Amino acid sequence: MQLNLTALSAELESAVENAGTMVVAVHGRTRTPSSGVFWRDGVIVTNEHSLKREDEVALTLPDGSQGTATLAGRDPGTDLAVLKTTAKGVAAKTGAPPKAGHLVLALGRSPNSGVNAAMGIVSAVSGPWRTWRGGQMDAYVRLDVTLFAGSWGGPVVTPEGVVIGVSTGVLSRVAPLAVPTATVDRVVDDLLSKGRVSRGFLGVGLQPVRVPEALRLHAGSDSGVIVLSVEPGGPADSAGVFIGDVLVSLNGQTLADIDDVQTALDGGTIGKQMTVKVLRGGQPVEFAVTVGERRA
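Residues numbered from 1 in each chain as written. Predicted model: local features only at pLDDT ≥ 70, side-chain atom pairs only at ≥ 80, totals over all residues. Heavy atoms only, no water.

S.K.: Give a description of the nonpolar core that names residues and reports values.
M.R.: Side chains of nonpolar character tend, in soluble globular proteins, to be buried together. Grouped together as the largest cluster of nonpolar side chains are 41 residues, with contacts concentrated most on M22, W39, V45, L83 and V184. Beyond its immediate chain neighbours, meaning those up to four positions away, M22 contacts G36, V37, F38, P62, V90, A92, V157, G161 and V163. Among the nonpolar cores identified, the runner-up in size contains 19 residues, and L255, V261, L265 and F287 belong to it. (Core = buried A, V, L, I, M, F, W, Y, C linked by side-chain atoms within 4.5 Å. Buried < 20%, exposed > 50% of the residue type's maximum accessible area, 1.4 Å probe, protein only. Contact = heavy atoms within 4.5 Å.)

S.K.: Go over the layout of surface pockets with me, naming the residues and quoting the values.
M.R.: If you add up the space inside the largest pocket, you get close to 470 Å³. Surrounding the largest pocket, 25 residues form its lining, R199, G200, Q262, L265 and R294 being those nearest its centre. Of all elements in the fold, only strand 10 (136-137), helix 2 (181-194), strand 15 (199-201), strand 16 (204-210) and helix 5 (258-264) reach the threshold of two or more residues within the lining of the largest pocket. Taken together, the residues of the lining of the largest pocket sort by class into 10 nonpolar, eight polar and seven charged. (1 Å grid on protein atoms, 1.4 Å probe; cavity = no way out; pocket = protein on both sides within 12 Å on 5 of 7 lines; lining within 4 Å. Points joined across faces, edges and corners; volume = space filled by probe spheres on them. Helix = DSSP H or I, 4+ residues; strand = E, 2+ residues; numbered from the N terminus. Nonpolar A, V, L, I, M, F, W, Y, C, P; charged D, E, K, R; others polar.)

S.K.: Could you give me a rundown of the side chain of S172, with the residues and numbers involved?
M.R.: Relative to the helices and strands, S172 is located in the loop between strand 13 (163-168) and strand 14 (177-180). Only 3.1 Å separates the side chain of S172 from the backbone nitrogen of V174, close enough to count as a polar contact. (Polar contact = N/O pair within 3.5 Å; in protein donor to acceptor, adjacent residues only side chain to side chain.)

S.K.: Tell me what's going on with the side chain of E48, and back it up with residues and numbers.
M.R.: One can find E48 in the loop between strand 3 (43-47) and strand 4 (57-60). What makes E48 buried here is its relative accessible area of 11%. A polar contact is formed between the side chain of E48 and the side chain of R133, at a distance of 3.5 Å.

S.K.: Describe the packing of aromatic side chains, and please don't skip the residues or the numbers.
M.R.: Under the defined criterion, the tally for this structure stands at one aromatic pair. Here W129 and Y140 contribute two aromatic rings whose centre-to-centre distance is 5.0 Å and whose plane-to-plane angle is 65 degrees, an arrangement assigned as edge-to-face. Separated by 11 residues along the polypeptide, W129 in strand 9 (residues 129-130) and Y140 in strand 11 (residues 140-144) bring together distant segments of the chain. Its relative accessible area of 24% is what places W129 among the partly exposed residues. We classify Y140 as buried; its relative accessible area is 13%. Sitting above the plane of the W132 ring, R173 keeps its charged end 5.1 Å from the centroid. (Phe/Tyr/Trp six-rings, centres within 6.5 Å; stacked < 30°, edge-to-face > 60°. Lys NZ or Arg CZ within 6 Å of the ring centre and 35° of its normal.)

S.K.: How would you sum up helix 1 (residues 5-19)? Please name residues and give values.
M.R.: Compared with the 21 Å implied by 1.5 Å per residue over 15 residues, the 21 Å span of helix 1 between its first and last C-alpha is a close match. For helix 1, the complete set of buried residues consists of L12, A15, V16 and A19. Viewed along the axis of helix 1, the buried residues span an arc of 95 degrees, placing them on a single side of the element. Set apart from the buried face of helix 1 by more than 90 degrees, the exposed residues are T6, E13, E17 and N18. Lining the buried residues of helix 1 we find strand 1 (23-27), strand 7 (103-110), strand 8 (114-126) and strand 12 (155-157). (Expected span 1.5 Å × (residues − 1). Arc of directions from axis to C-beta.)

S.K.: Could you give an account of helix 2, with specific residues and numbers?
M.R.: For helix 2, spanning 14 residues, the distance from its first C-alpha to its last is 20 Å, which sits close to the expected 20 Å at 1.5 Å a residue. Of all the residues in helix 2, the buried ones are T181, T183, V184, V187, V188, D190 and L191. Looking one or two residues beyond helix 2, the residue adopting positive phi is G195, at roughly 80 degrees.

S.K.: Which residues make up the sheet that holds strand 6 (residues 80-84), and what values go with them?
M.R.: Within the closed barrel, the six strands sit side by side as 1-2-3-6-5-4. Their pairing is antiparallel. Neighbour-to-neighbour, the strand axes of the sheet open up by a mean angle of 45 degrees, direction not taken into account. As defined by bridge partners, strand 5 (residues 66-75) adjoins strand 6 across five bridges and the pair is classed as antiparallel. Opposite D75, over in strand 6, you have L80 as the bridge partner. In the packing of helix 2 onto the sheet, the strands contacted are strand 2 (34-40), strand 3, strand 5 and strand 6, and the crossing angle to strand 2 comes to about 80 degrees. (Pairing = 2+ DSSP bridges. Axes fitted to C-alpha atoms, helices over the stretch in contact; angles between N-to-C directions.)

The structure is reproduced here in structure tokens:
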């Protein structure tokens, strides 16, 4: 296989120059700013963890001029924050994550040196994934790329200039990630309309537990989650769930650990009834629970 490095270099240079028109520097903290991307007209997406102020957030725009933005909302679970601005920029052209091994560029902007880029590859892509902060990702997109401090929150683009996500360095202890575009779109919609990301809520404190072998036929699994506390007046309390019950399924989906419960309670379940199956005194019992909304 022959590789024309001169041609590749020219293509990457062009990709950075074109994609740089949507990248801003976000002065949301002291010292090193982070980066952000014009996701839509008047809407900038950046990393939540790097945004320490909310009013009159200063921006360095793609043409080098200054602008300001205000916070529309933030979601620590996906490390995304949404800013609204009257400044103009080129909105991102987005697409789905490519396969592992695909070449990508992590872009950022420095108020001194302008647009900057780091080249690497997508090292892994898998299905839906929940972050350690509790956010739901539509896909797990791991990057083999160096994320410089000022590049956090910038776009991850293909050599063709398609944005596949927003970079973050805090959601995985293994490697940087790209928050995929489907997740960014969903979070942006929630934050612009409600100022928060909606997540389902049962009002119970849970802990994983092994199901005794004699009860596994009823449970459908060798694991479940035991109820340690029930919030008075909460959805589970209203449905009749007790402390000591072992939750084994939600709407037929088996529950092996707490992550399974959180995954089942996405924003689309709020206000809807779900069938909760528990083991109580060695016997299976089912309840109809109307899912509430978790505010925090």
